[in-house]
Amino acid sequence: MSIKKEGYRMSINDLVLKVNDVLTGSVLIIALVGIGLLFTFKLGFIQIRGFKDGWNRTFGGLFSKKGDAGKDGMSSFQALATAIAAQVGTGNIAGAATAIAVGGPGAIFWMWISAFLGMATIYGEAVLAQTYKTEVNGEVTGGPVYYIKAAFKGNFGKVLSTLFAIFIVLALGFMGNMVQSNSIGAAFTEVFQVYGINIPPITIGLVLAVLAGFIFIGGTKRLAAVVEKVVPVMAGVYIVGSLILIGLHINHVPTAFMMIIKGAFDPKAVMGAGAGITVREAIRFGVARGLFSNEAGMGSAPNAAAKADVSHPAKQGLVQMLSVFIDTLLLCTATAMMCMSSGIDPTREMQGAPWVQASLQESLGAFGPVFITVAMVFFAFTTLLGNCFYCDNLLTYIHKKEPGKKFMRGFRLVSAFVVFLGAGMEMSLLWDLSDVLMGVMALINIPVILILSGTAFKAIRDYEDQLKRGVNPVFKSADIELEQKTDFWN
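Every value quoted in this text rests on a predicted model; they were computed, and no experiment measured them.

Considering the overall build of the protein chain
For the protein chain, the helix and strand inventory stands at 20 helices and 4 strands. The buried share of the protein chain, taken over its 490 residues, is 57%. Summarising the internal contacts of the protein chain: among those between residues at least 6 apart in sequence, 81% fall at separations of at least 24.

Below is the structure:
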């Protein structure tokens, strides 16, 4: 498909690429780094000093049957697990590998930087989601669509929040799931070829669509109970497996780390002048893949964070930081080190899942591709659940009431159909479309959390003041002189 105007012909691919180049090449980097730096300094490096508290709150209630959850909410861990379910997808495998293939090893360094700053950003998002959460149809709900209305009064706030909800549905419910399907299709095709079986990705897409349709039609009421069991096992097995594989090539690990550090500032010294990779590309692809992976600043994770039943918004902010740490600093790094220590060089032609497959086959023989394919299936499965959860909540917001069963059944069938389409599409176009949609979401979300940032700053001070007095922190909006009315904290 192409656009023709006054003798100039531009394909849809070219248009998407140009828009994406502007967003991820400069605008988005400045916005994400800027908001991340602001929250990092104003919160006193909350990623470091609040890490232990967040860790204890996250895993201290892991084996608790009730946790903090009330009858209409989730436990703090369930909300975190739901966010991780949506965050941890094939981007942790194919995305990290793609970043190295097109941005060089230095892209991983910039992915680390974006994740570190993103931990502060997602703290702020979670606090705001908790502060402005509400109750709809007897269920606790919240997220950017609600704090956007708090930041902008009148029709502008209503229109902007509705547009944001539509963008999330498009970015995650459609494009996000297509990317997951595409990566799984490529991974399965590679595995079957090892055994001499030629199955096209579109066939894998059909199987995925049937499975996804079965899951979607069933609804998401059991989502929290499922993801809190699946996510820890999934992440743990992948990390342990990665450590074993890295251990097999432990002598290559120091070199891999040096390539990451050197490549961040001088890609030519690592890749050679012929590779044509610049520092700008290393930053661009590192930040873009980091955003796609952990979604900090994008406004998706707050939809889950708002549902946690906690006594103080800062509690869920500290917990939510762990989602970025686990997603990017642990899982993406595990993928990068597995590939870079294997001795298989990345190429643009073999970017994404194929490079991961080749790296693991070098290390483990025929079992390597099987291991990574199984990991990708689990990662994608939880992402589909998380994305479905977000879409259900946001469709309720768009409709201003709970949509009818026929509408939701139709929407979920369409969602399953796009999973089928995604498996057979060209990979780079899918990534670029996803980057554009998530970039637009971030450009709406970031100014809003900047406007409301004072609330997040006051919340952590109020939380820490109560801790110093030796009491369990309980939030009251009047204690931080909050101007906007809230439904839970008055």
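Comments concerning unusual backbone geometry
Although it is not a glycine, F45 sits at a positive phi angle of roughly 55°. Relative to the assigned elements, F45 resides in the loop between α1 (12–42) and α2 (46–49). F45 sits in the partly exposed class, given a relative accessible area of 33%. A positive phi is found at E481, a non-glycine position, where the angle reads about 55°. In this structure, E481 sits in the segment after α20 (453–468). Owing to a relative accessible area of 64%, E481 belongs among the exposed residues under this scheme.

Notes on the packing of helix α6 (residues 106–131) against helix α11 (residues 253–265)
Close contact between α6 and α11 brings their axes to 6 Å; oriented N to C, the two are set at 85°. The orientation of α6 relative to α11 falls into the category roughly perpendicular. Side by side, α6 and α11 meet where G106, I108, F109, W110 and W112 of the first sit next to F257, M259, I260, I261, G263, A264 and F265 of the second. Counted by class, the contact of α6 with α11 contains 10 nonpolar, 2 polar and no charged residues.

Observations regarding the nonpolar core
If you look at the biggest cluster of nonpolar residues, it comprises 114 residues, and the most contacted ones within it are F39, I93, Y123, Y147 and Y238. Ranked by the residues each element gives to this core, the list is headed by helix α15 (residues 313–340), at 16 residues. If you look at the next biggest cluster of nonpolar residues, it comprises 7 residues, including I184, A212, A380 and L384.

Examining the packing of α6 against α15
Interhelical geometry of α6 versus α15 gives an angle of 155° and a closest axis separation of 7 Å. One finds that α6 runs roughly antiparallel with respect to α15. Crossing handedness for the pair α6 and α15: right-handed. Here the residues of the contact of α6 with α15 sort into 18 nonpolar, 9 polar and no charged.

Remarks on the confidence of the model for the protein chain
Caution applies to low-pLDDT regions: their predicted coordinates should not be interpreted in detail. This prediction gives the protein chain a mean pLDDT of 78; 82% of its residues lie at or above 70. Least confident of the elements in the protein chain is strand β1 (residues 2–5), whose mean pLDDT is 48; most confident is α2, at 92. Predicted confidence for residues 62–72 stays below pLDDT 50, and this span has 15 contacts to residues more than four positions away or in other chains.

Examining the environment of I344
Assignment of secondary structure puts I344 in the loop between α15 and α16 (353–364). C-alpha of I344 to C-alpha of L360: the two residues are 16 residues apart in sequence and 9.4 Å apart in space.

Describing α20
Under the 1.5 Å per step criterion, the end-to-end length of α20 is 23 Å for 16 residues, consistent within 8% with the ideal 22 Å. Among all positions of α20, only S453, T455, A456, F457, A459, I460, D462, Y463 and Q466 are buried. Looking one or two residues past α20, G470 carries a phi angle of roughly 80°, positive in sign.

Notes on the side chain of S477
As for its placement among the helices and strands, S477 is situated in the segment after α20. Given a relative accessible area of 6%, S477 falls into the buried group. For S477, the contacting residues outside a window of four places in its chain are L482, T486, W489 and N490.

Focus on α15
In this model α15 runs 40 Å from its N-terminal to its C-terminal C-alpha over 28 residues, within 8% of the 40 Å that 1.5 Å per residue would give. The largest bend in α15 amounts to roughly 30° and is located at F325. Counting buried positions along α15 yields 26 of 28 residues, so the element is predominantly enclosed.

Section: the packing of aromatic side chains
As enumerated under the stated definition, the model contains 12 aromatic pairs in all. Taking the centre distance of 4.9 Å and the plane angle of 70° together, the rings of F51 and F325 count as edge-to-face. On the criterion of sequence distance, the pair formed by F51 in helix α3 (residues 51–60) and F325 in helix α15 is long-range, its members being 274 residues apart. Exposure remark for F51: the relative accessible area of 23% places this residue in the partly exposed category. Pairing F109 with W110 gives two aromatic rings, centres 5.0 Å apart and planes at 85°, and the pair type is edge-to-face. The class for F109 is buried, based on a relative accessible area of 16%. For W110, a relative accessible area of 17% puts it in the buried group.

Notes on the pattern of salt bridges
Within this structure, the stated rule accounts for 2 salt bridges. A salt bridge links R49 to E464; its shortest N-O distance comes to 2.3 Å. With R49 in helix α2 and E464 in helix α20, the pair connects residues that are 415 residues apart, well separated along the chain. Residue classification places R49 among the partly exposed positions, given a relative accessible area of 42%. For E464, a relative accessible area of 25% translates into the label partly exposed. Linking D53 and R57 is a salt bridge whose minimum nitrogen-to-oxygen distance equals 3.1 Å. Taken together, the positions of D53 and R57, both in helix α3 and 4 residues apart, correspond to about one turn of that helix.

Section: a nonpolar patch on the surface
A contiguous nonpolar patch, built from L37, F41, F45 and I48 and spanning about 400 Å² of accessible area, is present on the exposed surface. In this structure, F41 sits in helix α1. Looking at F41, the relative accessible area reads 55%, which means it is exposed.

Cut-offs and rules
Residues numbered from 1 in each chain as written. Predicted model: local features only at pLDDT ≥ 70, side-chain atom pairs only at ≥ 80, totals over all residues. Heavy atoms only, no water. Helix = DSSP H or I, 4+ residues; strand = E, 2+ residues; numbered from the N terminus. Buried < 20%, exposed > 50% of the residue type's maximum accessible area, 1.4 Å probe, protein only. Contact = heavy atoms within 4.5 Å. Axes fitted to C-alpha atoms, helices over the stretch in contact; angles between N-to-C directions. Parallel < 35°, antiparallel > 145°, perpendicular 65-115°, else oblique. Nonpolar A, V, L, I, M, F, W, Y, C, P; charged D, E, K, R; others polar. Core = buried A, V, L, I, M, F, W, Y, C linked by side-chain atoms within 4.5 Å. Left-handed = near helix turned anticlockwise from the far one by under 90°. pLDDT = per-residue confidence, 0-100. Expected span 1.5 Å × (residues − 1). Bend = angle between axes of the 7 residues up to and from the residue. Phe/Tyr/Trp six-rings, centres within 6.5 Å; stacked < 30°, edge-to-face > 60°. Salt bridge = Lys/Arg side-chain N within 4 Å of Asp/Glu carboxyl O. Patch = residues over 30% accessible without salt bridge, like charges linked within 9 Å, V, L, I, M, F, W, Y side chains within 5 Å. Areas by Shrake-Rupley, 256 points an atom, 1.4 Å probe, with all protein chains shown as cover.

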